[in-house]
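# A closer look at the structure
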Amino acid sequence: MPPLNIPRLSIMLMTLVAAFVQASAAQAEAIEEKAAICSTCHGEKGVPIDKVTPIIWGQMEGYIYLQLRDFKSGARANDLMQAVVADLTKDDLKALAAYFAAKPWPDLQQPSASKDVAAAALALNTSVGCTGCHLGDYQGDSTVPRLAGQQHEYMDKTINEFRDRTRANNPGMSDLMIASPPDGLKAMSAYLAGLQILGSTGHGSR
Ligand code: HEC
Ligand code: HEC
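Quick summary incoming for the structure in this document. (Residues numbered from 1 in each chain as written. Chains lettered and ligands numbered in written order. Predicted model: local features only at pLDDT ≥ 70, side-chain atom pairs only at ≥ 80, totals over all residues.)

As a further point, take the site of ligand 1. Neighbouring ligand 1 are 21 residues, the closest being Cys38, Cys41, Pro54, Gln67 and Asn78. Among the elements of the structure, α1 (6–42), α2 (61–73), α3 (79–85) and α7 (152–163) are those that each provide at least two residues to the shell around ligand 1. The element contributing the most residues to the shell around ligand 1 is α1, with 6 residues. Residues belonging to the shell around ligand 1 are distributed by class as follows: 13 nonpolar, 6 polar and 2 charged. (Near = placed C-beta within 6 Å. Helix = DSSP H or I, 4+ residues; strand = E, 2+ residues; numbered from the N terminus. Nonpolar A, V, L, I, M, F, W, Y, C, P; charged D, E, K, R; others polar.)

Before going further, it helps to spend a moment on helix α5 (residues 115–128). Compared with the 20 Å implied by 1.5 Å per residue over 14 residues, the 20 Å span of α5 between its first and last C-alpha is a close match. Among all positions in α5, only Ala120, Ala121 and Leu124 are buried. For α5, the arc enclosing every buried residue in end-on projection is 100°, short of the 170-degree limit, so these residues lie on one face. Looking at α5, the residues exposed on the side facing more than 90 degrees away from the buried face are Lys115 and Thr126. At its buried positions, α5 is contacted by α9 (182–193). (Expected span 1.5 Å × (residues − 1). Buried ≥ 20, exposed ≤ 12 C-beta atoms within 10 Å, placed from the backbone. Arc of directions from axis to C-beta. Contact = placed C-beta atoms within 7 Å.)

With that out of the way, let us pick up the environment of Gly62. Examined against the element boundaries, Gly62 turns out to sit in helix α2. Judged by C-beta crowding, with 16 C-beta atoms within 10 Å, Gly62 ranks as partly exposed. Expressed as a C-alpha distance, the spacing of Gly62 and Ser142, which sit 80 residues apart in the sequence, is 5.1 Å. Sequence-distant contacts of Gly62, defined by excluding residues within four places in its chain, comprise Ser142 and Thr143.

A few words now on the site of ligand 2. Around ligand 2, the surrounding shell holds 23 residues, and the nearest of these are Val128, Cys130, Cys133, Pro145 and Asn170. Mapped onto the shell around ligand 2, the elements with two or more residues apiece are α5, α6 (130–134), α7 and α8 (171–179). Looking at the shell around ligand 2, the element that brings in the most residues is α6, giving 4 residues.

This next bit is on unusual backbone geometry. The residue Leu135 is not glycine, and still its phi comes out positive at about 70°. Judged by the 18 C-beta atoms lying within 10 Å of it, Leu135 falls in the partly exposed class. With phi around 60°, Arg165 is a residue other than glycine that occupies positive phi space.

Printed below as a string of structure tokens:
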């Protein structure tokens, strides 16, 4: 058996390591590149360009991934988002979810709800138990989205779409929204829009 050629072996190892580092750098670059497309609508600093586009910066990673998956399969219908994800792979979707979840949640400076509106939102929560899933202060968890500080008009739109089942990717949420009084839901989205409580979950907000 010939003696091991240590210098040659270590050169081989170093080349392997270098290739690996290069590959992961290329992957990170590729995600940056893919994420740049998202910024044209979801915003350079996480502030969406229009009021019916949701915040994705600092949103829950699991939730972002599920939505991207549902847009891709067509379970959640939206012409813009379906076109965006059409050519992305599952790995891309996972990497994008991790990328945006790690960003800080932006403050859209939406007004705080009046006392009456806040009371109506609280009453709805008492009867339906929204915080049972969305957690205290509506900060979200895993595959349940953060709602605190989300775009007001987007929330109204998506709640209506759950109610008429245009947003069909979670029939359970549709049932729940249909069972909730429309006035209470209106108050709730106004209340949520003005809620921030940054830093309380430490997720994307530190
Ligand atoms: C042309 C504009 C546009 C582009 C580009 C775009 N989005 Fe969106 N995105 C939207 C709109 C509008 C919605 C809301 C869809 C709806 O109302 O159901 C949305 C919804 C989403 C949602 C669901 C959020 C939620 O709260 O339910 C996620 C996640 C998302 N986009 C991620 C991305 C990612 C990641 C990219 C880049 C790969 C991207 N988007 C590119 C316009 C865009
Ligand atoms: C049983 C758990 C549960 C309860 C209770 C619940 N939600 Fe949800 N909610 C979810 C899940 C899970 C989703 C994500 C659905 C999906 O995958 O599309 C969601 C999505 C939403 C969205 C869409 C957010 C976005 O970014 O598009 C809104 C708005 C919302 N819920 C509001 C409410 C309100 C208001 C209540 C109380 C009236 C409530 N939810 C009660 C689990 C729950």
